[in-house]
Amino acid sequence: MRSRLKWGDFVVIGAVLVLAAALAAWFAAGTQGDLLYAEVWQDNALVERVALTDATDRTIDLDGHNVIVLSGKTAHMASADCHDQVCVRTGTLTRAGQVAVCLPNRVVLKIVGETGEIDAIVS
Amino acid sequence: MQAKKLTLCGMLTALAVVLSLVERLFPLDAVVPVPGVKLGLANVVTLFALTRLSARDALAVLLCRVALSSLLMGSVTAFLFSLFGGLLSLVAMWLLLRAEGRFCSLLGVSVAGAAAHNIGQIIAAVIWMKTGAVVAYLPFLLVMSVPLGLVTGLTCSVVLSHMQKIDFNV
């Protein structure tokens, strides 16, 4: 059998996991903030940017190709007309930094966070 | 000898296409909550071709598999993604196979191949989407590539040891 584990196998596995953790940490660090916005991008152009509050209740229909539902402080891809349905299966986005991507239609739904500096000045 | 090798390459290509078709029938991401995750059974064929044939033959099998399976069931995007993932996976496994036996086993090679496949697909996705947002999927896919790579590596190792039993040589 050529599957008897050697020390190099653990090096490979460790390297993959460290890379995964580093990427995850980098993504989490880049999008901090207490004000949440849902952004809808199509062909790398911003289509919609909606502030997410508890009262948010909106449905964005991209010509029937993708239907995005913003509800409260969450967003999800309700339907897509592509075959892989990866974006729909991504589920509900609740935190800043999370994204749902529809590759065939080149649609990105993401939640971005911004710090409430403006509010702080006003108050 | 040449005919035997050609026949084997053809069979491996057919096997890889069937495996990708079967894989599509049972989407793994319906069970594991990682969107886009796949078992990567066709990678077993690439790994087998790399160990028993040559890098050139493995590349030929890979290119034929990607072209055929994209024609059968995919789209332009599917072709682009499989191509990038498959090529990067092939290169990673080919490089690591040189150290197999001393540094690592077939399992490590397979895990590296699975991880490289995901990285390649995400690179294709970044080019296609013209945005880096897709990279957010990569950490989950990389974590999953460890158990999935171990499974495909083990599969290939079992196949190879059976081949040895029946004294199969190309």
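Residues numbered from 1 in each chain as written. Chains lettered and ligands numbered in written order. Predicted model: local features only at pLDDT ≥ 70, side-chain atom pairs only at ≥ 80, totals over all residues.

K.L.:
Is there a simple way to think about the overall build of chain B in this case?
P.N.:
Within chain B one finds six helices and zero strands. Helices (α) and strands (β) of chain B occur, in sequence order from the N terminus, as α-α-α-α-α-α. For 170 residues, the compact-globule estimate of 2.2 N^0.38 gives 15 Å, and the C-alpha radius of gyration of chain B, at 16 Å, lies within 12% of that figure. Across its three principal axes, chain B shows a C-alpha extent of roughly 50 × 35 × 30 Å. (Helix = DSSP H or I, 4+ residues; strand = E, 2+ residues; numbered from the N terminus. Rg over C-alpha atoms; globule rule 2.2 N^0.38 Å.)

K.L.:
Where do I start with the environment of B:Thr46 in this structure?
P.N.:
Structurally, B:Thr46 can be placed in helix 2 (residues 42–52). In this structure, B:Thr46 is in contact with B:Ala58, B:Leu62, B:Ser89, B:Leu90 and B:Met93, ignoring residues within four places of it in sequence. (Contact = placed C-beta atoms within 7 Å.)

K.L.:
What should I look at first to understand the interface of chain B and chain A in this one?
P.N.:
By convention, interface size is frequently given as the accessible area that disappears when the constituent parts associate. Across the boundary between the two partners, chain B contributes 36 residues, which contact 29 residues of chain A. Put simply, the parts of the chain that give the side of chain B that touches chain A at least two residues each are helix 5 (106–129) and helix 6 (138–165) of chain B. By residue number, the principal contributor to the side of chain B that touches chain A is helix 6 of chain B, which donates eleven residues. Looking at the side of chain B that touches chain A, its residues break down into 24 nonpolar, ten polar and two charged. (Nonpolar A, V, L, I, M, F, W, Y, C, P; charged D, E, K, R; others polar.)

K.L.:
Explain the pairing of strand 3 (residues 57–62) of chain A here, please?
P.N.:
The side chains of a regular strand alternate between both faces of the sheet. All names here are of chain A. Across the six residues that make up strand 3, only a small minority, zero, are buried. Two elements, strand 3 and strand 4 (residues 66–71), share six bridges in a ladder whose sense is antiparallel. For Asp-61, the partnering residue across the bridge sits in strand 4 and is Val-67. Once strand 3 ends, the chain turns through three residues before running back antiparallel as strand 4, passing Asp-63 with a positive phi of about 50 degrees. (Buried ≥ 20, exposed ≤ 12 C-beta atoms within 10 Å, placed from the backbone. Pairing = 2+ DSSP bridges.)

K.L.:
For this particular structure, what's the right way to read the confidence of the model for chain B?
P.N.:
Low pLDDT marks regions whose predicted coordinates should not be analysed in detail. Looking at chain B as a whole, the pLDDT averages 88, with 98% of positions reaching at least 70. Element-level mean pLDDT values for chain B span from 90 in helix 1 (residues 2–25) of chain B up to 93 in helix 5 of chain B. (pLDDT = per-residue confidence, 0-100.)

K.L.:
Explain helix 6 of chain B here, please?
P.N.:
Because each turn of an α-helix spans 3.6 residues, side chains separated by three or four positions in sequence point in the same direction. Residue and element names in this part refer to chain B. Taking 1.5 Å per residue, 28 residues should reach 40 Å; helix 6 reaches 39 Å between its end C-alpha atoms and fits that length. The largest bend in helix 6 is about 35 degrees, located at Ser-145, with the proline Pro-147 one to four residues further on. Positive phi shows up at Asp-167, right after helix 6, with a value of about 60 degrees. (Expected span 1.5 Å × (residues − 1). Bend = angle between axes of the 7 residues up to and from the residue.)

K.L.:
Is there a simple way to think about the sheet that holds strand 5 (residues 74–80) of chain A in this case?
P.N.:
Sheet strands pair via backbone hydrogen bonds, and the direction of the pair is either parallel or antiparallel. Across the sheet, which stays open at both edges, the four strands sit in the order 3-4-5-6 (chain A) with antiparallel pairing between neighbours. In this open sheet, the two edge strands, each paired with only one partner strand, are strand 3 and strand 6 (92–93) of chain A.

K.L.:
Quick question: what am I supposed to make of the sheet that holds strand 2 (residues 45–52) of chain A here?
P.N.:
Residues and elements named next belong to chain A. With antiparallel pairing, four strands are arranged side by side in an open sheet as 2-1-8-7. Each end of this open sheet is capped by a strand with a single partner; those strands are strand 2 and strand 7 (99–102). Adjacent strand axes in the sheet meet at a mean angle of 20 degrees, parallel and antiparallel pairs treated alike. (Axes fitted to C-alpha atoms, helices over the stretch in contact; angles between N-to-C directions.)

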